[in-house]
Amino acid sequence: MSIDYDQQIPNNVGLSADRRLQRALENWQPKFLEWWNQMGPSGFQTADVYLRTATSVDAKGWATFDYLKMPDYRWGIFLAEPVAEREIGFGEHRGEPVWQEVPGEHRGVLRRLIVTQGDTEPASVEQQRHLGRTCPSLYDLRNLFQVNVEEGRHLWAMVYLLQAYFGRDGREEAEALLERRSGSADNPRILGAFNEPTPDWLSFFMFTHFTDRDGKFQLASLAESGFDPLSRTCRFMLTEEAHHLFVGETGIGRIIARSCELMREHRTERIGDYGGIDLAVLQKYLNFHFSVSLDLFGSELSTNAANYFSTGLKGRFKESDRNDDHRLTESTYRVLRPHAEGIVESEEPALTALNESLRDAYIADCTRALARWNKNIEDSGMDFRLTLPHRGFRRAIGEFQGVYVTPEGLPVSETEWRAREGQWLPTPADRKFIGSLMSPVVEPGKFASWIAPPPRGINHQPIEMDYVRHLPTG
Ligand code: BYC
């Protein structure tokens, strides 16, 4: 079904035929807008931004680009096309037709999964709301806002499921999603990484690279779900998500390119005096964001994860491409666990180790991106190499919680770890320095001293286009 833009809420789910649901969502819509105006990009609600908007759910040509004020963005409900005769691909119900309604016995668990996913979306908008004022260019400013409006749409995606399939509980959860606040002491967002501040653009690029990448893996696993509306919603969200990862990976790549340029020019790795970011400082930010994002996969051994899988609610990454029984009742999986003698490998039931296997797929993806950055550093003639810290480094969830592990993977005492923490993680002085670089650059085609221009503009437009117009003055 094509997207109907004549409706108050654009959608491709035939909303006008379901008056009760339509009314519920139309009742939620002004509350969402109120939240957006209060917690969305601060100071830029009246600017005109060159944004893409989804116009269809086809793989090709699904978006148009135009100048819009963000509060006028057409947030709506877009599900990927149904797959005819789709069957549940894993777990105890493997081979049965997918569910179009919530199976009663899994209602609570499914709601919790959808709420947890939904909660991350507004959280990230809240985390990034002050970044506009320190943008390194109009190109980057526009990308920030594109990410923000699409995270808003991803909230709509989950709220649709809650309102359409979970009755009164779902309506209450939809309200609560607008009430929690990132970083709030009283009513925080659900997952750790979404309560961390994003105070500067280096953090923003790290977040979109590492934390949005958790989104890619979690959404892909939920896209396998036996609950078909969740699967279809997540499949379309993944299309949008790809751009967020692009913003993160190329943002960090452009910082690295600029740092290498300054290192070559001034023949030193200490380029702070020349307006650049030392790769050693970038490494510390990387260590922080990677470890926080690893926590988002949950505990290495999790009965929750086993249940999600066995009951057909959440599959594995690329479940259908795998060549096994898709039930996992007999298989084992290798998990690293801290032990008195050090970090040891342990064979665990594959079902309970599902969070770890998803984390492994994530780490492999991060490793590939890291290799691309390192190749560029090498090509520019520099000796420096970036690394991913060990999975046990600075973990707050799971087996490594409370264990002190160096980035190289060596368990050490808390005293030693604390004494060396400043070599591995951003210090207050590092953060202050990065903060000092964050002066806005808003002249079309110009870029801050610490980041290289991109190779090309958005949607075949020139790099020097005025991607955001009518900026706030003062
Ligand atoms: N922080 O068995 P456990 C994205 C809780 S990102 C705080 O270890 P489980 C995006 C857990 O909730 C993708 N709490 O874990 C990115 C549980 O609490 P309850 C988001 C945590 O349940 C950028 C308890 O610890 N999507 O889209 O197997 C921008 C024990 O749980 C954390 C999803 O996460 C943490 N890091 O797995 C915008 C998908 N980790 O229930 C968007 C949906 C665990 O006992 N969520 N806990 O009170 C899930 O699949 C699972 O909930 C998790 C946890 C993978 C997160």
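Attention here is on the structure that accompanies the text. (Residues numbered from 1 in each chain as written. Predicted model: local features only at pLDDT ≥ 70, side-chain atom pairs only at ≥ 80, totals over all residues. Heavy atoms only, no water.)

1. Details of the overall build of the protein chain
- In terms of helices and strands, the protein chain carries eleven helices and five strands.
- Along the first, second and third principal axes, the C-alpha set of the protein chain runs to 65 × 60 × 40 Å.
- The 474 residues of the protein chain split such that 58% are buried.
- Roughly 19900 Å² of accessible area belongs to the protein chain as shown, and the carbon and sulfur atoms make up 49% of that amount.
- Mean positive and mean negative side-chain charge positions of the protein chain (54 and 68 charges, respectively) differ by 3 Å. (Helix = DSSP H or I, 4+ residues; strand = E, 2+ residues; numbered from the N terminus. Buried < 20%, exposed > 50% of the residue type's maximum accessible area, 1.4 Å probe, protein only. Areas by Shrake-Rupley, 256 points an atom, 1.4 Å probe, with all protein chains shown as cover. Lys, Arg positive; Asp, Glu negative; His and termini not counted. Charge placed at Lys NZ, Arg CZ, Asp CG, Glu CD.)

2. Describing unusual backbone geometry
- Located in the positive-phi region is Glu85, a residue other than glycine, with phi close to 55°.
- As for its placement among the helices and strands, Glu85 is situated in the loop between strand 2 (63-69) and helix 2 (107-127).
- We classify Glu85 as exposed; its relative accessible area is 78%.

3. What about the environment of Leu79?
- Mapped onto the elements of the fold, Leu79 is located in the loop between strand 2 and helix 2.
- Put simply, Leu79 and Asn11 are 68 residues apart on the chain and 8.3 Å apart in space, counted from C-alpha to C-alpha.

4. Comments concerning the packing of aromatic side chains
- A complete count under the given rule lists 31 aromatic pairs for this structure.
- Ring plane angle 55° and centroid distance 6.0 Å describe the contact between Tyr50 and Tyr467, whose orientation is recorded as tilted. Taken together, the residues Tyr50 in strand 1 (residues 48-54) and Tyr467 in the loop between helix 11 (428-437) and strand 5 (468-469) connect sequence positions 417 residues apart.
- Owing to a relative accessible area of 7%, Tyr50 belongs among the buried residues under this scheme.
- An aromatic cluster of at least three residues, connected via ring pairs, comprises Trp28, Phe32, Trp35, Trp36, Tyr73, Trp75 and Trp156.
- Above the face of the Tyr285 ring, Arg431 is positioned so that its terminal group lies 5.1 Å from the ring centre. (Phe/Tyr/Trp six-rings, centres within 6.5 Å; stacked < 30°, edge-to-face > 60°. Lys NZ or Arg CZ within 6 Å of the ring centre and 35° of its normal.)

5. Things to note about the pattern of salt bridges
- If you walk through the whole model with that rule in mind, you get 37 salt bridges.
- For Arg168, the salt bridge is made with Glu172, and the minimal N-O distance between the two is 3.3 Å. Within this pair, Arg168 and its partner Glu172 are both found in helix 4 (residues 167-177), separated by four residues, close to a single helical turn.
- The partly exposed category is assigned to Glu172, whose relative accessible area is 46%.
- One salt bridge connects Lys216 with Asp365, and the closest N-O pair in it is separated by 2.9 Å. Of this pair, Lys216 sits in helix 5 (residues 201-222) while Asp365 is found in helix 9 (residues 354-379), placing the two residues 149 residues apart along the sequence.
- Judged by relative accessible area, which is 23%, Lys216 ranks as partly exposed. (Salt bridge = Lys/Arg side-chain N within 4 Å of Asp/Glu carboxyl O.)

6. Concerning the sheet that holds strand 2
- Pairing within the open sheet is antiparallel, and its three strands lie in the order 2-1-5. Each edge of the open sheet is held by one strand with a lone partner, namely strand 2 and strand 5.
- Of the strand pairs in this sheet, strand 1 and strand 2 are connected by seven bridges, and their pairing is antiparallel. The residue bridging Val49 from the neighbouring strand is Leu68, located in strand 2.
- Strand contacts of helix 3 (residues 138-165): strand 1, strand 2 and strand 5, with the helix running at about 45° to strand 1, the strand carrying the most contacts. (Pairing = 2+ DSSP bridges. Contact = heavy atoms within 4.5 Å. Axes fitted to C-alpha atoms, helices over the stretch in contact; angles between N-to-C directions.)

7. Describing helix 6 (residues 228-266)
- The end-to-end C-alpha separation of helix 6 is 57 Å, in line with the 57 Å expected for 39 residues at 1.5 Å each.
- Of all the bends in helix 6, the greatest measures close to 35° and is centred on Thr239.
- With its phi angle positive at about 55°, Arg267 sits one or two positions after the end of helix 6. (Expected span 1.5 Å × (residues − 1). Bend = angle between axes of the 7 residues up to and from the residue.)

8. Things to note about a positive patch on the surface
- A cluster of like positive charges, contributed by Arg19, Arg20, Arg23 and Arg171, occupies part of the molecular surface.
- The element best represented in the positive patch is helix 1 (residues 19-39), accounting for three residues.
- Tracing the chain through its elements places Arg19 in helix 1. (Patch = residues over 30% accessible without salt bridge, like charges linked within 9 Å, V, L, I, M, F, W, Y side chains within 5 Å.)

9. Quick word on the side chain of Arg213
- Examined against the element boundaries, Arg213 turns out to sit in helix 5.
- What makes Arg213 buried here is its relative accessible area of 4%.
- Side-chain polar atoms of Arg213 contact the side chain of Asp365, separated by 2.8 Å.
- Excluding residues within four positions of it along the chain, Arg213 makes contact with Thr208, Leu245, Glu249, Tyr362, Asp365 and Cys366. (Polar contact = N/O pair within 3.5 Å; in protein donor to acceptor, adjacent residues only side chain to side chain.)

10. Structural notes on the packing of helix 7 (residues 279-295) against helix 9
- Close contact between helix 7 and helix 9 brings their axes to 12 Å; oriented N to C, the two are set at 165°. Compared by their axis directions, helix 7 and helix 9 come out roughly antiparallel. Crossing of helix 7 over helix 9 shows right-handed handedness. Taken together, the residues of helix 9 that come into contact with helix 7 (itself represented by Leu279, Leu286, Phe290, Ser293 and Leu294) are Arg359, Tyr362, Ile363, Cys366, Leu370, Trp373 and Ile377.
- Looking at the contact of helix 7 with helix 9 residue by residue, the class counts come to ten nonpolar, one polar and one charged. (Parallel < 35°, antiparallel > 145°, perpendicular 65-115°, else oblique. Left-handed = near helix turned anticlockwise from the far one by under 90°. Nonpolar A, V, L, I, M, F, W, Y, C, P; charged D, E, K, R; others polar.)

11. Notes on the site of the ligand
- Neighbouring the ligand are 30 residues; Gln117, Gly192, Ser299, Ser302 and Lys314 lie closest to it.
- Side-chain polar atom of Ser302 to an oxygen atom of the ligand: 2.7 Å apart, as the coordinates give it.
- Contacts to the ligand include Lys314, whose side-chain N or O atom sits 2.6 Å from an oxygen atom.
- When the ligand sits alone it has 1000 Å² of accessible area, and the protein chains cover 82% of it.
- Mapped by element, the contributors of at least two residues to the shell around the ligand are helix 2, helix 5 and helix 8 (303-310).
- Looking at the shell around the ligand element by element, the count peaks at seven residues for helix 2.
- Its residues assigned to classes, the shell around the ligand shows ten nonpolar, 13 polar and seven charged. (Near = heavy atom within 4 Å.)

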